[in-house]
Amino acid sequence: TWNAGADSILSDLGLDDTVNNYTEAQNLEGTIDDVTVTSQKNTGITDFIAGVTLNFHSSGTSTLDISNDTSSVKDLINDFITKYNETMNDLKSYGSVNLTTDEEDISSVGMLQGDFLLGQIQTNARRLITSMESDPNLLDEAFNTLSKIGIWTSGQSNELEIVDEDALDNALANNFEEVEDLFRA
């Protein structure tokens, strides 16, 4: 049925706000760690929490737990150990001398054999990787060497390896920032 007049046409089409009680659009509002946050959009929100994109689909209360990606960091630590060991092995081969069984004939000589700078690079790299950071302003004393998180040299090859998997896992799970600081120092 049609009623005469503009108001009744809007009402018949369902566009009369006195009938449908339309409400004005509202901004998204909530709290994160007791801080009030607002947004004009519901999805793709990246400015509330650094490194996190939020998408809201309905009203209500939710709990969001964010944790460190210790698995990826452990993979990066393993990559670091591998690259360090490869570099040290390359340096060793550059300074090597391989003798034949006669010991008088040289079968191969590394391209930097006898080079003083090569020896210094090797020594300084080992010292850097195995040293202790003693400045308490830089590092927590419990995490001032790689050995304290389960990484150290082993065997005659003097290569780095994870010698205590539990210590590294524990440090990453419970002291993530300290491990990060150690690698940055």
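Residues numbered from 1 in each chain as written. Predicted model: local features only at pLDDT ≥ 70, side-chain atom pairs only at ≥ 80, totals over all residues. Heavy atoms only, no water.

Chemist: Help me get a handle on the confidence of the model for the protein chain, residues and values and all.
Modeler: Looking at the protein chain as a whole, the pLDDT averages 80, with 79% of positions reaching at least 70. Per-element mean pLDDT across the protein chain ranges from 53 in helix α2 (residues 17-20) up to 95 in helix α5 (residues 165-174). (pLDDT = per-residue confidence, 0-100. Helix = DSSP H or I, 4+ residues; strand = E, 2+ residues; numbered from the N terminus.)

Chemist: Break down helix α4 (residues 116-130) for me, citing the residues and quoting the values.
Modeler: Along an α-helix, residues three or four positions apart point the same way, because every turn accommodates 3.6 residues. An ideal rise of 1.5 Å per residue puts 21 Å on 15 residues; α4 measures up with 21 Å between its terminal C-alpha atoms. Among the residues of α4, those classed as buried are L118, Q122 and I129. Projected onto a plane normal to the axis of α4, the buried residues spread over an arc of 45° and lie on a single side. Opposite the buried face of α4, at more than 90 degrees from it, the exposed residues are F116, L117 and L128. Here the buried face of α4 lies against α3 (70-94) and β6 (159-162). Looking at where α4 begins, the residue whose side-chain oxygen comes 2.8 Å from the main-chain nitrogen of L117 is D115. (Expected span 1.5 Å × (residues − 1). Buried < 20%, exposed > 50% of the residue type's maximum accessible area, 1.4 Å probe, protein only. Arc of directions from axis to C-beta. Contact = heavy atoms within 4.5 Å. Polar contact = N/O pair within 3.5 Å; in protein donor to acceptor, adjacent residues only side chain to side chain.)

Chemist: Let's hear about the pairing of strand β1 (residues 28-32): which residues, and what values?
Modeler: Direction of pairing for β1 relative to strand β2 (residues 35-39): antiparallel, over a ladder of 5 bridges. Counted as the bridge partner of I32 is V35 from β2. (Pairing = 2+ DSSP bridges.)

Chemist: Run through the pattern of salt bridges, naming residues and quoting values.
Modeler: Scanning all chains against the criterion turns up 4 salt bridges. The closest approach of N and O atoms between K74 and E165, which form a salt bridge, is 2.2 Å. With a gap of 91 residues between them, K74 in helix α3 and E165 in helix α5 connect regions that are remote in the sequence. E165 sits in the partly exposed class, given a relative accessible area of 39%. In this structure, the salt-bridge partner of K83 is E86, at a minimum N-O distance of 4.0 Å. In this pair, K83 and E86 are both assigned in helix α3, 3 residues apart and thus about one turn of the helix distant. Note on E86: relative accessible area 39%, which makes it partly exposed. Each of K74, E165 and D169 takes part in one network of salt bridges that share partners. (Salt bridge = Lys/Arg side-chain N within 4 Å of Asp/Glu carboxyl O.)

Chemist: Any chance you could break down the side chain of T145 for me, citing the residues and the numbers?
Modeler: Mapped onto the elements, T145 comes out in the loop between α4 and β5 (151-154). The buried category is assigned to T145, whose relative accessible area is 5%. Within the structure, the side chain of T145 is placed 2.8 Å from the side chain of S147, a separation counted as a polar contact. Excluding its chain neighbours within four sequence positions, the residues that come into contact with T145 are S131, M132 and L182.

Chemist: Residue-level account of the nonpolar core, with values.
Modeler: Among the nonpolar cores identified, the biggest contains 19 residues, and I77, L146, I149, I151, L160 and L168 are the most heavily contacted of them. Taken together, the elements giving at least two residues each to this core come down to α3, α4, β6, α5 and α6 (176-184). A per-element tally of this core places α3 first, with 5 residues. Not counting chain neighbours up to four residues away, the residues in contact with I77 comprise I151, L168, L172, V179 and F183. Judged by nonpolar contacts, the second largest core, of 6 residues, contains V37, I45, V52 and L54. (Core = buried A, V, L, I, M, F, W, Y, C linked by side-chain atoms within 4.5 Å.)

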